[in-house]
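The lines below spell out each chain.
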Amino acid sequence: MKLIYFTFLIVPAALLCLGSGNILARAEEDELDDVVDIEGEDNQVVGDDALVDDDESVVKSSQDIDTTILFTKPVPSLGDLTFDIQAGYPVEFFVGFINKGSVDYVVESMEASFRYPMDYTYYIQNFTALPYNREVKPKQEATFAYSFIPNEAFAGRPFGLNVQLNYRDASGNAYQEAVYNQTLNIVEVSEGLDGETFFLYVFLGAGGVLALVAGQQALASLARRRSPRSVSQPVETGTASEVDYDWLPKEIVNQLSKKISQDAEAVAARKESKEISRRRLRSRLKL
Amino acid sequence: MAAKLLYFVLFIAAAVSADDEPVLARLLVSKQVLNKYLVENMDILVKYTLFNVGSAPAVEVKLVDNGFHPDVFTVVGGQLTAEIDRIAPQTNVSHVVTVRSNKYGYFNFSSAEVTYKASEDATDVQYSISSAPGEGAIVAFKDYDRKFSSHILDWAAFAVMTLPSLAIPFGLWYSSKSKYEKLSKPKKGH
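None of these values were measured; they are calculated from a predicted model.

The rules behind each value
In every chain, residue numbers begin from 1 and rise along the written sequence. All chains are assigned letters beginning at A, and all ligands numbers beginning at 1, according to the order in which they are written. Since the coordinates come from a predicted model, pLDDT governs what is reported: local features require at least 70, and pairs of side-chain atoms require 80 or more to be given and counted, while whole-chain, interface and lining totals use all residues. Heavy atoms from the whole structure form the basis of all side-chain values; hydrogens and water molecules are not counted. Under the scheme used here, helices are H or I runs from DSSP no shorter than 4 residues and strands are E runs no shorter than 2 residues, and both carry numbers assigned from the N terminus. Only protein chains enter the area calculation, which uses a 1.4 Å probe; residues under 20% of their type maximum are buried, those over 50% are exposed, and those in between are partly exposed. Whether two residues are in contact is decided by their heavy atoms, any of which lying within 4.5 Å being enough. The Shrake-Rupley method, run with a 1.4 Å probe sphere, supplies the accessible areas, and residue values consider only the shown protein chains as cover. Buried and open spaces are told apart on a 1 Å grid over the protein atoms alone, a cavity being a set of points where a 1.4 Å probe fits but cannot get out and a pocket being an open set with protein on both sides within 12 Å along at least five of seven lines. Residues with an atom within 4 Å of a point are the lining residues. Grid points are joined across faces, edges and corners, and a volume is the space filled by probe spheres set on the points. Residues are grouped as follows: nonpolar covers Ala, Val, Leu, Ile, Met, Phe, Trp, Tyr, Cys and Pro; charged covers Asp, Glu, Lys and Arg; every other residue, Gly included, is treated as polar. Once two parts are joined, some of their accessible surface, as seen by a 1.4 Å probe, is lost; buried area is that loss totalled over both. One speaks of a salt bridge when a side-chain nitrogen belonging to Lys or Arg is within 4 Å of a carboxyl oxygen belonging to Asp or Glu. Here a polar contact means two N or O atoms within 3.5 Å. Within protein one must be a hydrogen donor candidate and the other an acceptor candidate, and residues neighboring in sequence count only if both atoms are side-chain atoms. His is not counted, nor are the chain ends; Lys and Arg add positive charge and Asp and Glu add negative charge. We define a nonpolar core as any set of buried Ala, Val, Leu, Ile, Met, Phe, Trp, Tyr and Cys residues linked to one another through side-chain atoms lying within 4.5 Å. Each patch is built from residues that are more than 30% exposed by relative accessible area and take part in no salt bridge. Like charges join if they lie within 9 Å; nonpolar side chains (Val, Leu, Ile, Met, Phe, Trp, Tyr) join within 5 Å. One atom stands in for each charge, and that atom is NZ of Lys, CZ of Arg, CG of Asp or CD of Glu. Strand pairing is assigned whenever DSSP identifies at least 2 bridges connecting the two strands. Between N-to-C directions, angles cover 0 to 180 degrees, with each direction set by a line fitted to C-alpha atoms, over the stretch in contact for helices. UniProt positions are given in the numbering used here, feature names are shortened, and annotations may be inferred rather than shown by experiment.

Once that is clear, we can look at the overall build of chain A. Looking only at helices and strands, chain A features three helices and eight strands. When the elements of chain A are put in sequence order from the N terminus, they spell out α-β-β-β-β-β-β-β-β-α-α. Counting only residues that meet the buried cut, chain A has 25% of its 287 residues in that class. Contacts in chain A between residues far apart in sequence, at least 24 positions, make up 68% of those at least 6 positions apart. Carbon and sulfur atoms provide 56% of the accessible area of chain A, an area that totals close to 21,100 Å².

The following block contains the structure:
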């Protein structure tokens, strides 16, 4: 009885601590055996295995090829395959391609695309399909560089990044391999001071000054209400009829007095003529 | 019962101690041209970075770049071959070369070749090809100079050419000013 306890409790715990953890169950992609006979082969992907399921038209990766990916910008944190990339800044990575087979392979192109994280068949954005057309002989390896810039409009959302390598072997069979197929987040890099924040502070400052002015006005009106002005201002009566003409030159004064007397005469004459006409009218009516 | 459990335990122990992957070094070599403008007879900086993504150190690493033909390219800094004794796992090493081209036109920057041994006690040499920057246009010096030089001589010539259009009105004004100054002087002196 005790042996059972020992086996099923202690041994897994010891393994997790001491072992590398590689014996834990994990899912592995089942790769179809696409390495077919070379002689008498036309340029088609044919599965020799009778147990191959219906989707023979879908190209898969070759068994002889091993690929690795390394992101150099931005550098992911240790041991983490999903990380954050910055919108508007270039993302660079290298793909290593090793040919463990016995035939030449030609790496044709590599393309990256953003997919919808919930459904990897839905393309959101396609990036350049960069052509390499590099021949990799057996037992050799090659490195391919690729970079792209995620659009700033995509900031703040997760995307599935799919990096696909297209290559073919000497007999013309085409293969595609998804070198990277993970979901990552696009973050927005916010610089320290931008236009919006600057004017926000200006607005807040103006609001503060307005509050101060309002407070000062309120205080002033309060003070005015409490103590009205007891000293009344002397009433202004305007200039008296005595006008001092000393500062005018003599000629002008004479002209002015002449003008005044002429005006007075004109007014008197007008008044007289009005009186005369009125008298005439009265006399006519009376008649 | 006890024997079965014992077999079970031994089996798991064997699985843990067995290696899943061979401990090997894997080098990713990148070749980058750092220049913004490629101009003939001016420095072109080429940077080679070797990343070891494996779990073992890479030993006897030899990098050679045969893509720069000695008739056209002169090496002014660094060397086109490099030897690194050991690159530890999960580290990278970079090597920079400065070359100058005496011709202008389109040039295809091809890959460099690296040979290394994948672990300390490996016998085979692994051959690796670096990434290639691709085709670049090396601009003639005349065009680059027209765009970027300080054009001191051109500005000096321009200044000399504009001198007449400035000097003639100034001369006319000065002559009339001095004439009227002379005229107004005896009046004041009186």
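Next, the rest of the story.
This part takes up the layout of surface pockets. What the second largest pocket holds in volume is close to 450 Å³. Lining of the second largest pocket is provided by 21 residues; of these, A145(A), K31(B), Q32(B), A132(B) and P133(B) occupy positions nearest its centre. Secondary structure elements with two or more residues in the lining of the second largest pocket: β3 (91-99), β5 (119-136) and β6 (140-148) of chain A together with β1 (27-33) and β10 (134-138) of chain B. Grouping the amino acids of the lining of the second largest pocket by side-chain chemistry returns twelve nonpolar, six polar and three charged.

Turning next to the interface of chain B and chain A. On the side of chain A, 30 residues touch chain B, which itself brings 26 residues to the contact. Where chain B abuts chain A, roughly 2,200 Å² becomes buried across the two surfaces, and 64% of that area is made up of carbon and sulfur atoms. Two residues, E141(A) and R26(B), come together in a salt bridge whose shortest N-O distance is 3.1 Å. Taken together, the links from chain B to chain A amount to ten residue pairs in polar contact (both at pLDDT 80 or more). Sorting the residues of the side of chain B that touches chain A by element identifies α1 (2-17), β1 and β9 (125-129) of chain B as the ones contributing at least two each.

We now examine the side chain of E40(B). Residues and elements named next belong to chain B. Note that E40 resides in the loop between β1 and β2 (43-52). Buried and unpaired, E40 has K142 as its nearest opposite-charge partner, separated by 8.8 Å. Engagement of the side chain of E40 in a polar contact is seen with the backbone nitrogen of F141, the distance being 3.0 Å.

All right, on to the nonpolar core then. For soluble globular proteins, the rule of thumb is that nonpolar side chains tend to be buried together. All names here are of chain A. Counting residues in hydrophobic clusters, the biggest one holds 35 residues, and the most contacted among them are F97, M110, F114 and L161. If you list the elements that add at least two residues to this core, you get β1 (65-73), β3, β4 (105-116), β5, β6, β7 (158-169) and β8 (174-187). In this structure, L161 is in contact with F71, A112, S113, F114, Y120, F148, Y180, N181, Q182 and L184, ignoring residues within four places of it in sequence.

Let us look at a negative patch on the surface. Residue and element names in this part refer to chain A. On the surface, a cluster of negative charge is made up of E152, E188, E191, D194 and E196. Along the chain, E152 turns up in the loop between β6 and β7. Residue E152 is classed as exposed on the basis of its relative accessible area of 57%.

All names here are of chain B. Reading across from one edge, β1-β2-β6-β4 is the order of the four strands in this open sheet, with antiparallel pairing throughout. The open sheet has two edge strands, β1 and β4 (73-77), and neither has a second partner. Neighbour to neighbour, the strand axes of the sheet diverge by 30° on average, direction disregarded. Relative to strand β6 (residues 92-101), β2 is paired through nine bridges, and the arrangement is antiparallel. Along β6, the bridge assignment pairs F51 with N92.

What follows deals with the UniProt feature "transmembrane region" (unreviewed entry) in chain A. Taking the numbering used here, the UniProt-annotated feature "transmembrane region" (unreviewed entry) corresponds to residues 198-220 of chain A. Secondary structure across residues 198-220 of chain A comprises 100% helix and 0% strand; the distance between its end C-alpha atoms is 33 Å.

Moving on to the sheet that holds β7(A). Residue and element names in this part refer to chain A. Spatial ordering of the open sheet is given by β2-β8-β7-β4-β5, a layout of five strands whose pairing is mixed. With one partner strand each, in any of the chains shown, β2 (84-86) and β5 form the two edges of the open sheet. Put simply, the sheet's adjacent strands are angled 35° from each other on average, direction ignored. Relative to β8, β7 is paired through eleven bridges, and the arrangement is antiparallel. Within β8, the position partnered with L161 by the bridge is Q182.

UniProt records the feature "transmembrane region" (unreviewed entry) at residues 155-175 of chain B, using the numbering of this structure. Taken end to end, residues 155-175 of chain B is 100% helix and 0% strand, and its first and last C-alpha atoms sit 30 Å apart.

Within this structure, the stated rule accounts for 14 salt bridges over all chains. We note a salt bridge from E92(A) to K73(A), for which the minimum N-O separation is 3.4 Å. Of the two residues, E92(A) sits in strand β3 while K73(A) sits in strand β1, which places them 19 residues apart along the sequence. For E120(B), the salt bridge identified is with R86(B), shortest N-O distance 2.1 Å. One end of the pair, E120(B), is in the loop between β8 (113-117) and β9; the other, R86(B), is in strand β5 (residues 81-87), and 34 residues separate them in sequence. By relative accessible area, which is 46% here, R86(B) ends up partly exposed. Via salt bridges that share partners, D66(A), K100(A), E141(A) and R26(B) belong to a single interconnected network.

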